[in-house]
Amino acid sequence: MSRGLWTTTVGSFPKPPQLERARQQHARGEISADALFQLERDETVKLIKRQEEIGLDILVDGELYRGDMTTYFAERMPGFAISNPVRSYGNRYYRKPIAVGPIRRTKPLTVEWWKFAQSQTKQPIKGMLTGPYTMMDWSFNEHYPSREAMAMDLAAAINEEALALQEAGAKYIQIDEPAVSVRPDELPLAVKALGRAAQGLKAKTITHICYGDFDVIYPALLDLPVDQIDLEMANSRYDLLERFKAQPFTKEIGYGVLDVHNHRVETKDEVKQGILRGLEVLKPEQMYVDPDCGLKTRTMDEAFAKLQVMVDAVREVRTERGIGA
Amino acid sequence: MKIQTTLAGSYPKLPTEPGDVNVRVVRNRRDQGKATDQDVAQAVRDTTRRMIAIQEKAGVDLVQDGCAGWDDAQTYVARGLDGVRIAGLIRYLDTNTYYRQPEIVGDVKWKAPVTAEDFKAAKGMSSRPVKMLLPGPYSLTRFSKDLHYGDPVKASRAIGESLAKEARALEEAGATWIQFEDPWLGRATAADAPAIRAALAPVLADRTAKTVLNVPFGTPTGIFDSISDLPWTAIGLDLVEAPGGWDLLPRIPKGRSVALGLIDARNTRLEDATDVARSIARAASARPDLEYLLSPNASLEYLPADKAEAKVVLLVEAARLAARNGG
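Residues numbered from 1 in each chain as written. Chains lettered and ligands numbered in written order. Predicted model: local features only at pLDDT ≥ 70, side-chain atom pairs only at ≥ 80, totals over all residues. Heavy atoms only, no water.

1. Examining the overall build of chain B
So, point 1. When its secondary structure is counted, chain B shows ten helices and eleven strands.
So, point 2. What you see for chain B is a C-alpha radius of gyration of 19 Å, in line with the 20 Å of a compact globule of 327 residues.
So, point 3. In terms of overall dimensions, chain B has C-alpha extents of about 55 × 50 × 35 Å along its principal axes.
So, point 4. The buried share of chain B, reckoned over its 327 residues, is 61%.
So, point 5. Within chain B, contacts between residues at least 6 apart in sequence are counted, and of these 75% link residues at least 24 apart.
So, point 6. Looking at chain B as shown, the accessible area adds up to about 12,500 Å², and 48% of this sits on carbon and sulfur atoms.
So, point 7. Measuring between centres, the 43 positive side-chain charges of chain B sit 0 Å from its 42 negative side-chain charges. (Helix = DSSP H or I, 4+ residues; strand = E, 2+ residues; numbered from the N terminus. Rg over C-alpha atoms; globule rule 2.2 N^0.38 Å. Buried < 20%, exposed > 50% of the residue type's maximum accessible area, 1.4 Å probe, protein only. Contact = heavy atoms within 4.5 Å. Areas by Shrake-Rupley, 256 points an atom, 1.4 Å probe, with all protein chains shown as cover. Lys, Arg positive; Asp, Glu negative; His and termini not counted. Charge placed at Lys NZ, Arg CZ, Asp CG, Glu CD.)

2. Description of the pairing of strand 3 (residues 80–89) of chain A
So, point 1. Two elements, strand 3 of chain A and strand 4 (residues 92–99) of chain A, share seven bridges in a ladder whose sense is antiparallel. By the bridge assignment, A:Val86 is partnered in strand 4 of chain A with A:Tyr94. (Pairing = 2+ DSSP bridges.)

3. Focus: the interface of chain A and chain B
So, point 1. At the junction of the two partners, chain A supplies 24 residues and chain B supplies 30 residues.
So, point 2. Summed over both sides, the interface of chain A with chain B buries roughly 2,400 Å², with 44% coming from carbon and sulfur.
So, point 3. On inspection of chain A and its partner chain B, the count reaches three salt bridges.
So, point 4. A salt bridge links B:Asp94 to A:Arg183, with the nearest nitrogen and oxygen atoms 3.2 Å apart.
So, point 5. The interface formed by chain A and chain B holds 13 residue pairs in polar contact (both at pLDDT 80 or more) in total.
So, point 6. With seven residues, the single largest contributor to the side of chain A that touches chain B is strand 3 of chain A.
So, point 7. Considering only residue class, the side of chain A that touches chain B consists of eleven nonpolar, seven polar and six charged. (Buried area = accessible area lost by both parts, 1.4 Å probe. Salt bridge = Lys/Arg side-chain N within 4 Å of Asp/Glu carboxyl O. Polar contact = N/O pair within 3.5 Å; in protein donor to acceptor, adjacent residues only side chain to side chain. Nonpolar A, V, L, I, M, F, W, Y, C, P; charged D, E, K, R; others polar.)

4. Thoughts on the packing of aromatic side chains
So, point 1. Enumeration according to the criterion identifies 19 aromatic pairs over all chains in this entry.
So, point 2. Considering the side-chain rings of B:Phe224 and B:Trp232, the 6.2 Å spacing of their centres and the 55 degrees angle between planes classify their relative orientation as tilted.
So, point 3. Grouping aromatic residues by their ring pairs yields a cluster made of A:Phe37, A:Tyr65, A:Tyr72, A:Phe73, A:Trp113 and A:Phe116.
So, point 4. When the ring centre of A:Phe140 is taken as reference, the NZ or CZ atom of A:Lys96 above it lies at 4.4 Å.
So, point 5. Sitting over the face of the ring of B:Trp184, B:Arg142 holds its NZ or CZ atom 4.0 Å from the ring centroid. (Phe/Tyr/Trp six-rings, centres within 6.5 Å; stacked < 30°, edge-to-face > 60°. Lys NZ or Arg CZ within 6 Å of the ring centre and 35° of its normal.)

5. Some words on unusual backbone geometry
So, point 1. Look at the link from A:Tyr218 to A:Pro219: it is a cis peptide, with omega at 10 degrees.
So, point 2. Even without being a glycine, B:Cys67 presents a positive backbone phi close to 60 degrees.
So, point 3. Phi at B:Phe217 takes a positive value of approximately 70 degrees, unusual for a residue other than glycine.
So, point 4. Within the fold, B:Phe217 resides in the loop between strand 8 (210–215) and helix 8 (224–227).
So, point 5. With relative accessibility at 10%, the residue B:Phe217 sits in the buried group.

6. Focus: the environment of B:Asp225
All names here are of chain B.
So, point 1. Along the chain, the position of Asp 225 falls in helix 8.
So, point 2. Placed 26 residues apart in sequence, Asp 225 and Arg 251 show a C-alpha to C-alpha distance of 8.6 Å.
So, point 3. A polar atom in the side chain of Asp 225 sits 3.0 Å from the side chain of Arg 251.

Right, here's the structure in full:
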């Protein structure tokens, strides 16, 4: 029996309303950091249980304690300041990191959260980091003479954190690089920086990138020095599979089957069809089935309804095709 | 030398002073049922007033209304077009910002003015000429998903003809400057030339207002010969991210203007005014026959409000320094 089609998620989950309220209360000084921390831990425990209950193979801590995926790290690293709010769209704003000096990792950034999450389950929990290229590209730079210099300092810092996660026992370490796909001219820099960030890791390494100009960056994308590349497949109606027929995808793939930008819950049949189309081109042992991207923009009910459909669809395909987990 | 200062794109909507109107807060309150659409409209107007005041205080010659009511660079105007529906969020080029993608689902037709009232309001708040912003017609076409025409030239022409009517409405309201933000011109190749001309020719024909064709994030080198004869007043060059724009200077037709995008709108690091003035002098030395505008290379809304305001002050300081030095 072949094995494969393991199920997982890309990383973030929606923050429960009570946690959103608590974060706002903390920002206004109305509740203590300890009170917020306790609530984050309580909600993380619940989230891990729900992932177990629906039958996911590889879990995440859900990042309920993080705000923006770059700012969370920047707030904990010397060399960064945090800007006043910058708009991302409409009425949505975030505080953007500013490199104001040499960026260093002087303390663990995520390890304690990973240990806590792993202590709650026997299933593996992924270590989740933001990659050096994305951290650089999504920050202002008032210090470094070049984008490369900044990316490589970040890569060294993230490598220390990745090694610490591995030391703590993480078997899967995901270093997200969503910014990679929109600047094809800088793919070599992204490859170099990610290589430095993943240096010395024995754990399975993964990177998630968002949909971009694949006509330009594929198959050079396969140069990213990780074991697995996680891609949005459903959002692009699986059209990348045509590219893979002509130019085989040679790494493991995080195979996105849920559109995270849509409130609608997919049917089991459409997810199955997406997986079956993938199996025409990819081997089951290459495929880790997951949503297209982080689920933080969905409601918790939507997120788990989608994930349950995904897990059920995978189970049916495994049974029909004789694929073991 | 003669150089006018101006801005590009939109301006940060949030206040730097506590107690100032905060349109983000008002919109959030509206979404919670605690404020009305009228409250939001008033907050947008008050925000426009602040944006213009910041520019006037700094001494900007040609102020912009700042696009206080825009969610992104495309949909504020695209929502007003027949044949276009607004779909999901996608990333805006290589920025960490987003826009809702317009989808062309039928014949694109202009319905009614979208920006004319904004112009009238801004004009009433300013003692200086007000430059109004419209999406570049080629970029609006490229940012859209064409589910109807199946032909980039036809889609571009339809968008161009629709935006031409919006530009006419602005002129009828009294606008004397209109800027088209067209970043895709900096990414186009010669093969795109027919669609580009189909998009641009209608919006530039028969204009009474002066027009700026602004090209952030790139340089229109590859298609410049295809657009150089079109009747734009000024071309905006992003000389921060695309220094290749310097090579276009010798090719600018006589009698046109160049908006020198020399202030980095995508980084908080504040430029040295002397360096900027030196770059202005470089342009003036290369082409002393042209007229110049000085602007940021892109929308200052990529910056937090405090940093944007500092860049506006720097912009004017650099232009004055260049003028004192004789260009």
